[in-house]
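Per-entry structural report
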Amino acid sequence: MRIYENKDELKNEINKSLLNEVYTNKATTEYRETKLANLRVIIRKPYCEIDTENVATLQFLDLIKEVVDISEVDGEELTNRLII
């Protein structure tokens, strides 16, 4: 999961990866699933408003969360998470 400041950054990232989760200030609900091209995308409302001052901190905290989540699995599931 990454945090994007605008839709152009999001479009660029989608072209680079198999992005599946987005936090945006414009989300109207806590959680919504949609399809973009052939990708399933989860749109989430952020815990706090994302701005230029806190975007790096929020990205770092998200990275820590991902590391904790990945450290709790092993075997084939771990391999699949690391590859994607």
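For the structure itself, consult the block above.
Remember, it's a predicted structure, so these values are computed and weren't measured experimentally.

Overview of helix α2 (residues 55-71)
One turn of an α-helix holds 3.6 residues; hence residues three or four places apart share an orientation. Helix length check: α2, at 17 residues, gives a terminal C-alpha distance of 24 Å against a target of 24 Å (1.5 Å per residue), a fit within 8%. The complete set of buried residues in α2 reads V55, L58 and D62. Each buried residue of α2 sits inside an arc of 65° when the element is viewed along its axis, so together they form one side. Looking at α2, the residues exposed on the side facing more than 90 degrees away from the buried face are A56, F60 and S71.

Examining the pairing of strand β4 (residues 39-44)
Taken together, the three bridges between strand β2 (residues 21-23) and β4 define a ladder with parallel strand orientation. Looking at β4, one finds that Y23 is bridged to R44. With six bridges connecting them, strand β3 (residues 31-36) and β4 associate as antiparallel partners. Residue pairing for β4: R32 is matched across the bridge by I43. With antiparallel pairing between neighbouring strands as the criterion, β3 and β4 make up a hairpin whose turn holds two residues, including A37 at a positive phi of roughly 60°.

Overview of the side chain of E21
Here E21 lies in strand β2. Among the residues examined, E21 registers a relative accessible area of 17% and is labelled buried. Side-chain polar atoms of E21 contact the side chain of R44, separated by 2.9 Å.

Some words on the pattern of salt bridges
One pass over the full model with this rule turns up two salt bridges. Here R40 ties to E33 by a salt bridge, and the two come within 3.1 Å at their closest N and O atoms. With a relative accessible area of 46%, R40 lands in the partly exposed category.

Digging into the nonpolar core
Counting five residues, the largest nonpolar core consists of V22, A27, L39, V41 and I43. Ranked by residues supplied to this core, first place goes to β4 with three residues.

What counts, and where the lines are drawn
- Residues numbered from 1 in each chain as written.
- Predicted model: local features only at pLDDT ≥ 70, side-chain atom pairs only at ≥ 80, totals over all residues.
- Heavy atoms only, no water.
- Helix = DSSP H or I, 4+ residues; strand = E, 2+ residues; numbered from the N terminus.
- Expected span 1.5 Å × (residues − 1).
- Buried < 20%, exposed > 50% of the residue type's maximum accessible area, 1.4 Å probe, protein only.
- Arc of directions from axis to C-beta.
- Pairing = 2+ DSSP bridges.
- Polar contact = N/O pair within 3.5 Å; in protein donor to acceptor, adjacent residues only side chain to side chain.
- Salt bridge = Lys/Arg side-chain N within 4 Å of Asp/Glu carboxyl O.
- Core = buried A, V, L, I, M, F, W, Y, C linked by side-chain atoms within 4.5 Å.

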